[in-house]
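# Inside the fold
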Amino acid sequence: MRRKKGMLMAAMLAASLTVSVLSPAGVQAEDAEKVVTALVGKGLDPTLGDTIVASQDMRLYEMIYEPLVKYGNGGEIEPALAESWEISEDGKTYTFHLRKDAKFSDGSDFNADVALMNINRWAWDGLSAPLVEANKIDDYTIELVFENAAYPIIIELTYPRPYRMLAESALDEDGNFKEMIGTGEWMIESYETDQEVVLVPNPYYYGDAPKVDKVILKQVADGQSRCMAMQSGEADISLVDLPTENKAVIDADENLATFEFEGKQSFFLIQNEENEMLQDINVRKALNYAVDKQTLVESLLDGQGEAATSLMTRNTPYLEESAAPGYEYDPEKAKDCLAEAGYEDTDGDGIVEKDGTPLILGLMFQTAEFSEWKGVCEFLQAEYAKIGIGIELNSVDDGTYYDAIWDTRDFDLIIYRSYDDSWNPHGFIKSMFYDDKQFIGSNRGVLWTDPELSEKIGEVIVSTDETERQTLWTEIFNYIDENAYTVPLYYPAKSYVHNVRLKNVVQAPTAYESVEWNLLDVE
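Source: prediction; values computed, not measured.

### Re the packing of aromatic side chains
Across all of its chains, the model carries 26 aromatic pairs by this definition. Seen from their ring centres, Tyr61 and Tyr65 are 6.4 Å apart, and the 40° between their planes marks the pair as tilted. Assessed through its relative accessible area of 0%, Tyr65 is described here as buried. Ring-pair connections join several aromatic residues into one group, and the members of that group are Tyr159, Phe268, Tyr416, Tyr419, Trp423, Phe428 and Tyr512.

### Brief notes about the packing of helix H13 (residues 451-462) against helix H14 (residues 466-482)
Relative orientation of the contacting elements H13 and H14 amounts to 155°, with a least axis distance of 9 Å. Considered as vectors, H13 and H14 are oriented roughly antiparallel to each other. The handedness of the crossing between H13 and H14 is left-handed. Together, Glu452, Leu453, Lys456, Ile457, Glu459 and Val460 of H13 and Arg469, Leu472, Trp473, Glu475, Ile476, Tyr479 and Ile480 of H14 make up the contact between the two elements.

### A short note on the side chain of Arg99
Looking at where Arg99 falls in the secondary structure, it is placed in the loop between strand E5 (93-98) and helix H3 (112-119). Within polar-contact distance, the side chain of Arg99 engages the side chain of Asp101 at 2.9 Å. Apart from the residues within four sequence positions on either side, Arg99 is in contact with Ala80, Leu81, Glu83, Phe110, Tyr140 and Tyr206.

### Re the pattern of salt bridges
With the rule as written, the count across this model stands at 22 salt bridges. Close ionic contact of Asp139 with Lys136 constitutes a salt bridge, the shortest N to O distance being 3.1 Å. By relative accessible area, which is 45% here, Asp139 ends up partly exposed. By relative accessible area, Lys136 is classed as partly exposed at 37%. With its nearest N and O atoms 2.7 Å apart, the salt bridge here joins Asp251 to Lys247. Highlighted residues: Asp251 and Lys247, both in helix H6 (residues 247-252), separated by four residues, approximately one helical turn. Look at Asp251 and you get partly exposed, because its relative accessible area is 25%. Linked by salt bridges that have partners in common, Glu33, Glu189 and Lys214 make up one network.

Thresholds applied
- Residues numbered from 1 in each chain as written.
- Predicted model: local features only at pLDDT ≥ 70, side-chain atom pairs only at ≥ 80, totals over all residues.
- Heavy atoms only, no water.
- Phe/Tyr/Trp six-rings, centres within 6.5 Å; stacked < 30°, edge-to-face > 60°.
- Buried < 20%, exposed > 50% of the residue type's maximum accessible area, 1.4 Å probe, protein only.
- Axes fitted to C-alpha atoms, helices over the stretch in contact; angles between N-to-C directions.
- Helix = DSSP H or I, 4+ residues; strand = E, 2+ residues; numbered from the N terminus.
- Parallel < 35°, antiparallel > 145°, perpendicular 65-115°, else oblique.
- Left-handed = near helix turned anticlockwise from the far one by under 90°.
- Contact = heavy atoms within 4.5 Å.
- Polar contact = N/O pair within 3.5 Å; in protein donor to acceptor, adjacent residues only side chain to side chain.
- Salt bridge = Lys/Arg side-chain N within 4 Å of Asp/Glu carboxyl O.

The following block contains the structure:
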């Protein structure tokens, strides 16, 4: 962590603490409530915060709900609502011994009956093996029986959603979701839809109580607005990125510090397989060869990241250093690939064409979550112009953006990001390439449809032999690379900017939780 010492501004010392977006989160009088205001980019509507709905900011799920087991540091699976568990020798039966001291924030008990109520609501087709039975052994023991063994099951049960537990009172008499009530450290005190959620400690939480009295999650979609909120003291920490061009200003501010941590996320381009031009592997290879990723990182991003080689970061489990080497920057090779595909610039307008059709592609992006993507896409537009590919930029809101990926497919190219931590590699690769109808209701992958690749993914998921699993994953990573199904761009540097009054800013085991909220304190 880089920490800059200095006194807070006199104006902030005099400011009173409120939950308004215009009031400083800043300094609090002695014996006043300890309140931390954290900025997020989107998804603050608790009325949609059902455990089985994936529409809200992940921190809400992490702070309010708990799983049976949690994803710990280094990928270790740790106790949560299950204090211990056993997996049968054949890998099909999981027996969970539940905590006896866990209560929901409404004071009701957590037990086997409530656990099974939740389990019956979960979308079990999202797991790596079908659930056959869910049995109550006694009041604090449950048994889950799966159709087949699959190594990711225990990891998948740690996900922020849908495999979390809510109280019976969180549902109405018809079983429909009505409010977020969990066993986690926090509960909702109040909220303004898509503006802020005020969280206070769950008085019935079985573990150590948090050190602060309130956490206010505040939704600010614009990167520059987030930067201003941090500089003015309106917010204590930004859990989403600030514009790269503001880095020097942030670094110079004595009231702000930057907490840096190892990231496990990659940014890349999805190529729409329905576009006939992109069905040609030579066009896809040209798109890879044409990007000077090192300049992208060093100049545009001010060194805040690493040029990508493979689709996923090198610290991803099972991704060996020699696997998926990627495509070096070579615009001449890119031009050769386009020529091999039959493209040439016959009219001298700078855009190559084939059979009279110019190679022009739309590139969609959003900035609500990643403010630097506008500059990145402008950089790509200039890079592709050098080899004769026209790029039309399309900036959209985050709702339209995700609809395009998961539903409408209304794009040629779209910048996207890998998942984090517990989802890698199995969850991300499976959701992107596995044609199991899981997400978009048809026999195709989200990134690309390839029966041979899908078969390999199916094999690795059910593999119980570690050596075989490693071999299969290497084949999968190499196959994706060789077919140029994506355009890896960069692995972003990960950091949170926070006010220096915050103490014990500790990285949580997953990016979905962000920080260890129970350790966070203020001066």
